[in-house]
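The residues making up each chain are set out below.
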Amino acid sequence: MKLTVKNISGYKQTDKDIIFSGKGGKIIISRWNDDIYRFSWRFDGINIKDEVKKASDFMIASKQDDFPADIKEKDEHFEIKLPSNRRICIEKESGLISVYEKNKLLHGGIIGSKDLVVPSSPLRVIKKGDSLSAKYNFRLEKDDAFYGLGDKAGVPNRRGKRYQMFNRDALGYDAENSDPLYKSIPFFIRHIKEHNRYLGMFFPQPCITAVDFGRESPYYYSVSGDEGPFDYFIIIGKKLKDIVANYAYITGLPALPPLYSFGFLGSSMNYLEADDAQQRVLNFFERTEKEDIPCEGMYFSSGYLKAADGKRYAFLWNKDKFPDYHSFLTGLKQRGYHLIMNIKPGILLSHPWYDEIADKGYYIKDTTGKPYVEYFWGGAASFMDFSNPDAAQWWKESLKKYYFDHGCEGIWNDNNEIELEDSELPAYYTRSVYPVMMSKASYEGLKTIAPDKRPYVYSRSGNAGLQRYARTWTGDNCSDYKSLHYNQYMGLSLSLCSMPFHGHDIGGFFGDMPGEELLIRSSETAVFQMRFVIHSWNSEGEPTEPWTYKDALPIIRSLIKEHYRFMPYIYSCAIRASLTGEPVESLLAHEFRKDSNIRDDDINYMFGPFILKLPVTSANAHETTVYLPKGEKWYDPRDNKLYAGGQTIQKNVPMDGKAHYMVRSGAIIPTWENVSQLKNALWDNLTIYLLPPDKDDTSEFSLYEDDGVTELALNKYNRFDFYMCNSILKIKRKKYGLPSKKARKATLQLLDDYVFTENNMSTFEYDPDSTKYITLGIKKG
């Protein structure tokens, strides 16, 4: 039976909603703010399963606002007037919803022409027995582009492609073509190029099954899903970063992880798989100290759980490998290293605790109420049910008993895609939010032992809302240039889904040992990245490490230190992303949307407001092609040269231990000269590089400082606001919640032959702790 809502006959207006009634049910319009609206369909006689409704509610972290609106009934439609010359129209006959701004169509509209045979209703639901399946169709314009959906493969613009929307363990995936992958986020952004406007769409439906961006038809794009609830949000905005920030407003701001997680950490399956795992871990840390490589700790892969039978048993340390793991782990913590432990939600049938957990009722259940059994790494397993409060509490207590009480500080939720295949299972239709619920349990477990500190949770899989609890990465990539190239795009897509704290396994995780050049090029891309981790499971059985190649060691050491040198800039961008929801990384086509010369698939992109990152993603490259967006000037720190925007240049890209990037005019870039392990973010020797903007432009940047672990909500951090135009620099100590206990200095360094008018010098030193306000004149030298 097909369900639609049509022949709209009237409406009811409440403080929060506008409810339109028609044949077959109701259409409800709600307001979150002036740029966010939710459209909901409620069909007569149809009830959504309780577990599905709860999962949908879990995806949303904010509440709707009041909706005062002027509604008028016209001959063929109802019209709702909105602020900013916007209006929503609902066609009486079909229930079609259209959104306009200044009479320009932003969303909806009639699909194709009168000769095109397509359903007139924007949503159709098919009821077959107890199951419901839905399909939304939306008008597609000729030049529309689409972005988002999480870490999907391929180029950033999704136009012309169809994506499966479930999470898969995708070891060794093809970063250009594989689908699905680890995260399927039911949020995307449409660029309406005809009007140069952006529109976000978010579907808080746990079982979205597919999204089609014009592959099925050149006249419409579509979203398919099962079981409901049948809702979606639209987010209207001129700038893409505003769309992303409003998506974060709906689903939750990104949780800021501890400072140490932004530094260099070791990781390899090959360390923990070996019989001498404990010694291999010690050897790694001793080697980093010997080679003068700053290091924050290690991600412990699951080999520490691998028993004599070759199976991995959650929480059960291999005592042959780690006879006294408490002393071992606490000893590493005392040396200043942070340990993040790999844990998996599947409990193998051969696990010694399996029956005990089953008796407690903590597994996902089948249709008979018994523990559901599915394939998993190592054999058949049942999965912890994190929607069960008692099961989640047991998980938190186990994390404390086996990890937190022994000095471990972070949790790595791995293999949590939960690939349930039986559609009769109650959990089948909510499986997409499973990794988010697991991350929530880990997050809350860390909060119980340290309420004032920021938990560190790391999850491979996820859905909307994962950012509230965990950071992520692009999974088990391959050791090849193709993965290096397309992983850059995947990271940009994660940024658009309010997951700014992501990264990639440097050098590649799966396959042959990366060649020397590939390892260096991959390390170059990590200088401006929120995660610098060389992680591997190589076929040769040896880990990929900074010293894998003798000649590459000094280069990679220098690149790691470059990452630390820019940490004040990176960390300040991270804090801003956590406070606002805005992305850190952005495509040039989005940042400079008025420049029609920029390609959607330009591999160069912005990191923060001022760094144009230039990844080198092909073998044997000696130079790279760089298009410089017009309307800006661009500074090359390698040759101390300023370039006008709107031109294409060739840049040499030597493998010399320095990152490849350009600096945008107006840049305010704080760097740290005393590179070392990240004890806190009270930077003791700053150099702040300044590139004054053009005559009529201004620029701003906020530098943040804190102890690296305390929750920002407690206000124990410092914020220094920089404002710069062509002739003046102003610095204001906006917030001072954490005074330094020792004397510090900061050096202001002007670029491109600019000088300060007071001393006719390009540098100026000041004490950030004692100086509340600075105004300095600037001129061309």
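A few points on the structure. What you see is a predicted model, and the numbers here were worked out from it, not measured in a lab.

## Examining the nonpolar core
Argument step 1. Ranked by size, the top nonpolar core spans 227 residues in total, and within it Trp-41, Phe-300, Met-384 and Tyr-403 carry the most contacts.
Argument step 2. Element by element, the count of residues in this core is highest for helix H12 (residues 567-580), at eight residues.
Argument step 3. In this view, Tyr-403 contacts Tyr-304, Leu-305, Phe-315, Trp-317, Met-341, Asn-342, Ile-343, Ser-398, Cys-408 and Ile-411; residues no more than four positions away in its chain are not counted.
Argument step 4. Listed in part, the 14 residues of the second largest apolar core include Ile-598, Tyr-627, Leu-628 and Trp-634.

## Section: the packing of aromatic side chains
Argument step 1. Counting across every chain of the model gives 81 aromatic pairs.
Argument step 2. Geometrically, the ring pair formed by Phe-284 and Phe-285 is edge-to-face, given 5.4 Å between the ring centres and 70° between the ring planes. With respect to burial, Phe-284 and Phe-285 carry one shared label: buried.
Argument step 3. A centroid spacing of 5.5 Å and a plane angle of 50° characterise the contact between Phe-322 and Phe-328, whose relative ring orientation is tilted.
Argument step 4. The ring of Phe-78 has Lys-92 sitting right over it, with the charged end atom 5.2 Å from the ring centre.

## Brief notes about the packing of helix H10 (residues 516-525) against helix H11 (residues 553-565)
Argument step 1. Running from N to C, H10 and H11 point in directions that differ by 10°, and their axes come no closer than 9 Å. Put simply, H10 runs roughly parallel to H11. Residue-level inspection shows Leu-519, Ile-520, Ser-523 and Glu-524 of H10 in contact with H11, the latter providing Ile-555, Ile-556 and Leu-559.
Argument step 2. Classifying every residue of the contact of H10 with H11 gives five nonpolar, one polar and one charged.

## Let's talk about helix H7 (residues 389-402)
Argument step 1. For H7, with 14 residues, the first-to-last C-alpha span of 20 Å sits near the 20 Å given by 1.5 Å per residue.
Argument step 2. Taken together, the buried positions of H7 are occupied by Ala-391, Ala-392, Trp-394, Trp-395, Lys-396, Ser-398, Leu-399 and Tyr-402.
Argument step 3. For H7, the secondary structure elements touched by its buried residues are helix H5 (325-334), strand E22 (338-343), helix H6 (354-360), strand E26 (410-413) and helix H8 (434-449).

## Quick notes on the sheet that holds strand E24 (residues 374-376)
Argument step 1. Read from one edge to the other, the open sheet built from three strands follows the order E23-E25-E24, with strand pairing classed as antiparallel. The two strands at the open ends of the sheet, each matched to only one other strand, are strand E23 (346-348) and E24. The average undirected angle you get between the axes of adjacent strands in this sheet is 60°.
Argument step 2. Strand direction decides the pairing type here: E24 and strand E25 (residues 379-383), joined by three bridges, are antiparallel. Across the sheet, the residue bridging to Phe-376 is Gly-379, located in E25.

## Some words on the environment of Asn-652
Argument step 1. Inspection of the secondary structure assignment puts Asn-652 in strand E37 (residues 647-652).
Argument step 2. Take Asn-652: its relative accessible area is 55%, and that puts it in the exposed class.
Argument step 3. Each C-alpha atom, one on Asn-652 and one on His-622, is 5.9 Å from the other, the two residues being 30 residues apart in sequence.
Argument step 4. If we skip the residues at most four places from it in the chain, Asn-652 touches His-622, Glu-623 and His-660.

What counts, and where the lines are drawn
- Along each chain, numbering runs from 1 in the same order as the chain's sequence is written.
- Side-chain atom pairs in this predicted model are given and counted only at pLDDT of 80 or more, local residue features only at pLDDT of at least 70, and totals for whole chains, interfaces and linings cover all residues.
- Computation of side-chain values: all heavy atoms of the structure, hydrogens and water removed.
- Nonpolar core, defined: a set of buried Ala, Val, Leu, Ile, Met, Phe, Trp, Tyr and Cys residues in which side-chain atoms within 4.5 Å join the residues together.
- Relative accessibility under 20% of the residue-type maximum defines a buried residue, over 50% an exposed one, and the middle range a partly exposed one, all with a 1.4 Å probe and only protein chains included.
- Put simply, DSSP H or I for four residues or longer makes a helix, DSSP E for two residues or longer makes a strand, and each gets a number counted from the N terminus.
- When checking whether two residues touch, look at their non-hydrogen atoms; a contact exists if any pair is within 4.5 Å.
- Only Phe, Tyr and Trp rings are paired, with Trp represented by its six-membered ring, and only when their centres lie within 6.5 Å; those with planes under 30 degrees apart are stacked, over 60 edge-to-face, the remainder tilted.
- For a lysine, the NZ atom is tested; for an arginine, the CZ atom; a charge sits over a ring if that atom is within 6 Å of the ring centre and within 35 degrees of the ring normal.
- What counts as an axis is a line fitted to C-alpha atoms, over the stretch in contact for a helix, and the angles between N-to-C directions run from 0 to 180 degrees.
- Throughout this description, any angle smaller than 35 degrees is read as roughly parallel, any larger than 145 degrees as roughly antiparallel, any in the 65 to 115 degree range as roughly perpendicular, and the remainder as oblique.
- Note on residue categories: nonpolar means Ala, Val, Leu, Ile, Met, Phe, Trp, Tyr, Cys or Pro, charged means Asp, Glu, Lys or Arg, and polar means any other residue, Gly included.
- Under the convention used throughout, the expected extent of a helix is 1.5 Å for every residue step, that is, one less than its residue count.
- Two strands form a pair only when DSSP identifies at least two bridges running between them.

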